[in-house]
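# An overview of the molecular structure
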Amino acid sequence: MGSRPYRRRLAWGAAALLAAGVAVPAVATASEAGGSSDVPALSAGHGAKKAKNVILLIGDGMGDSEITLARDYTVGAAGRLNMDKFPLTGAYTTYSVDKDGKPDYVTDSAASGTGWATGQKTVNGRISKTPGTDKAMPTILELAQKNGLATGSVTTAELTDATPAVLASHATDRSCMGPADMKACPNDTVAKGGPGSIAEQSVNHKVDVLLGGGKARFDQKVTEGRFAGRTVTQQAEQLGYQVVTDDKGLKNAKPGKPVLGLFADGNVPVEWTGKAAAKGGTEPQRCVTNNPERKAGTPSLANQTRKALQLLEAKQKGAGSEKGFFLQVEGASIDKRDHAADPCGQIGETAALDRAVKVARDYAAQHPDTLVVTTADHAHTSQIVPLEATPPGLSSTLVTDEGGKLKVNYSTNTPGKAQEHTGTQVRIAAQGPQAERVLGLTDQTQLFTTIRKALSLR
């Protein structure tokens, strides 16, 4: 009896909040359509159901542990990152499959990215191709282009790395990045009638904005077909790309012609440095918020995102198009520094992505017909453990910005070997048209449907 008035107050409060256009948290059940069974009630107040633009931000390897670690270190345990401030938050499963379609419980970035890029599962290592028959599957970026939208991809990895690759290429194996890297993809070569390497395909797709690392891949010479004898960079220039290599060049890039930004020979060097985790732990350390290996003039991920948004918007306006754009932004080295058991590098890259999230949310505040989604491709190894714990693997103790000590454990592999992905579900959060579809527990492949429905792609 005593609980009934409390229940009535809860019901009244929820109704009042919904009437005011405020999302109300609720227990939600994932549906096959992508979202929760409580979507109609929870979608009140989230504006138009059709988006003009979509900004998808991917933290590679950014599981809940990685988010919590960055939060605790930079803004404190009670603080909130920009990615914590989305109005709607859910979780999704990330497993890949084997060639027969049976679950492979721990995904890599290639199969994972293929999931949201195509709406279909595939085998680890494969780029937007079927698991069994190795056939190309249409991607969300290809559909966006077909429907007249501008498109962009920004990453701190090589532009030929798995996550950017899934949007604008189809490869039997993720290692087939440049013309000289085709050993694992014999049937994808131009000589065999295939589309060529990931680098060649990316520029052939005429993606409007391509920003990241991987200059060495694009400096490889094409050996077959129309562009034989030229580097992929020269191929891009012949296709009309403006090629830029630093912050000044990026600032001067003009809308109307596609832009290829190559800011490092390989992956873009990380922003923060510090001592890697060690067996038996490290002395308490503060992270160093610079990196001598990062060249002066290397644009931040936030600045790349800001410029990409300007270029994509201006391209459509200049063409007199009423249609918008699709942009993917990846913080890639959260994963790479997690593999290396490098907590400072990992935290710095999470913070860098978080600043890009702010850029995206600020844009959406001025353009409410923009769907913004932030998520990860898979979870990773870092764990926050008690200070008195004695992990069997690698660990490091950090002194946070609020003055506390925090111990990070890396024990998914034996010391001396790279740390591993994990198979746990990861966070997905969103705002804007169709954002309610991320509620509850969904699967990674359903993100494809969410973006497709939001942009009404056919």
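Residues numbered from 1 in each chain as written. Predicted model: local features only at pLDDT ≥ 70, side-chain atom pairs only at ≥ 80, totals over all residues. Heavy atoms only, no water.

### What to know about the pairing of strand S13 (residues 370-376)
- S13 sits mainly inside the fold: seven of its seven residues count as buried.
- Note: strand S3 (residues 53-59) against S13, seven bridges, orientation parallel. Paired with Leu-57 across the two strands is Thr-374, which belongs to S13.
- Note: S13 against strand S17 (residues 426-431), four bridges, orientation antiparallel. Bridge pairing in S17 links Thr-375 to Ile-428. (Buried < 20%, exposed > 50% of the residue type's maximum accessible area, 1.4 Å probe, protein only. Helix = DSSP H or I, 4+ residues; strand = E, 2+ residues; numbered from the N terminus. Pairing = 2+ DSSP bridges.)

### Description of unusual backbone geometry
- Although it is not a glycine, Gln-434 adopts a positive phi angle of roughly 70 degrees.
- Here Gln-434 lies in the loop between S17 and strand S18 (441-443).
- A positive phi angle, close to 50 degrees, is found at Ser-456, a residue other than glycine.
- Its location among the elements puts Ser-456 in the segment after helix H14 (445-455).
- A relative accessible area of 38% means that Ser-456 is categorised as partly exposed.

### Examining the environment of Ala-430
- Take Ala-430: it is sitting in strand S17.
- Ala-430 sits 341 residues away from Thr-89 along the chain, and the two C-alpha atoms are 6.5 Å apart.
- Residues in contact with Ala-430, not counting those within four places in the same chain, are Phe-86, Pro-87, Leu-88, Leu-371, Val-372, Val-373, Ala-435 and Val-438. (Contact = heavy atoms within 4.5 Å.)

### Structural notes on the environment of Ala-454
- Positionally, Ala-454 belongs in helix H14.
- Note on Ala-454: relative accessible area 0%, which makes it buried.
- For the pair formed by Ala-454 and Asp-369, sequence separation is 85 residues and the distance between their alpha carbons is 9.6 Å.
- When near neighbours in sequence (up to four residues on either side) are disregarded, Ala-454 contacts Lys-49, Lys-50, Ala-51, Leu-371, Pro-433 and Gln-434.

### Re the nonpolar core
- Within the largest apolar cluster, 105 residues are counted, with the highest numbers of intra-cluster contacts made by Ile-55, Leu-57, Val-203, Leu-260 and Leu-327.
- The greatest single-element share of this core, amounting to nine residues, is contributed by helix H13 (residues 343-366).
- Excluding anything up to four places from it in sequence, Leu-327 contacts Val-54, Ile-55, Leu-56, Gly-152, Ser-153, Val-154, Ala-308, Leu-309 and Leu-312. (Core = buried A, V, L, I, M, F, W, Y, C linked by side-chain atoms within 4.5 Å.)

### As for H14
- In terms of burial, H14 is largely enclosed, as eight of its eleven residues are buried.
- Immediately downstream of H14, the backbone of Ser-456 shows phi near 50 degrees, a positive value.

### Topic: helix H11 (residues 301-318)
- With 18 residues, H11 extends 25 Å from end C-alpha to end C-alpha; this agrees with the ideal 26 Å at 1.5 Å per step.
- Leu-301, Ala-302, Gln-304, Thr-305, Lys-307, Ala-308, Leu-309, Leu-311, Leu-312 and Gln-316 are the residues of H11 that are buried.
- Following H11 by one or two positions, Gly-320 has its phi on the positive side, about 70 degrees. (Expected span 1.5 Å × (residues − 1).)

### Let's talk about the sheet that holds strand S16 (residues 405-410)
- Judged by pairing direction, the sheet is antiparallel, and its four strands sit side by side in the order S11-S15-S16-S14 without closing on themselves. The sheet terminates laterally at strand S11 (278-279) and strand S14 (383-385), the two strands that pair on one side only.
- This element, helix H3 (residues 64-74), spans S14, strand S15 (394-399) and S16 of the sheet and lies at about 55 degrees to S14.
- The strands touched by H13 are S15 and S16; relative to S15, the strand with the most contacts, the crossing angle is about 60 degrees. (Axes fitted to C-alpha atoms, helices over the stretch in contact; angles between N-to-C directions.)

### Here we look at the state of the cysteines
- In total, this model carries two disulfides according to the counting rule given.
- Each disulfide pairs two cysteine sulfurs, and for Cys-176 the partner residue is Cys-185, the sulfurs being separated by 2.0 Å. Classification of the bridge connecting Cys-176 and Cys-185 rests on its S-S torsion, roughly 95 degrees, and on that basis the disulfide is right-handed.
- Overall, the relative accessible area of 1% leaves Cys-185 in the buried class. (Disulfide = S-S within 2.5 Å.)

### Brief notes about the confidence of the model for the protein chain
- Summing up the model confidence of the protein chain, the mean pLDDT is 91 and the portion of residues at 70 or higher is 90%.
- Considering only residues more than four positions removed or in separate chains, one finds that residues 1-45, a stretch of pLDDT under 50, has 44 contacts. (pLDDT = per-residue confidence, 0-100.)

### Re the pairing of strand S8 (residues 209-213)
- Buried residues dominate S8, accounting for five of its five residues.
- Relative to strand S10 (residues 259-262), S8 runs parallel, the two being bridged by four bridges. Counterpart to Leu-210 in the pairing with S10 is Leu-260.

### What about the sheet that holds strand S7 (residues 150-158)?
- Strand order across the open sheet formed by ten strands is S9-S10-S8-S7-S12-S3-S13-S17-S4-S18, with mixed pairing between neighbours. Unpaired on one side and paired on the other, strand S9 (242-244) and S18 mark the two borders of the sheet. For this sheet, the mean inter-axis angle between neighbouring strands, taken without regard to orientation, is 20 degrees.
- Those strands touched by H13 are S3, S7, strand S12 (325-331), S13 and S17, and its axis lies near 170 degrees from that of S3.

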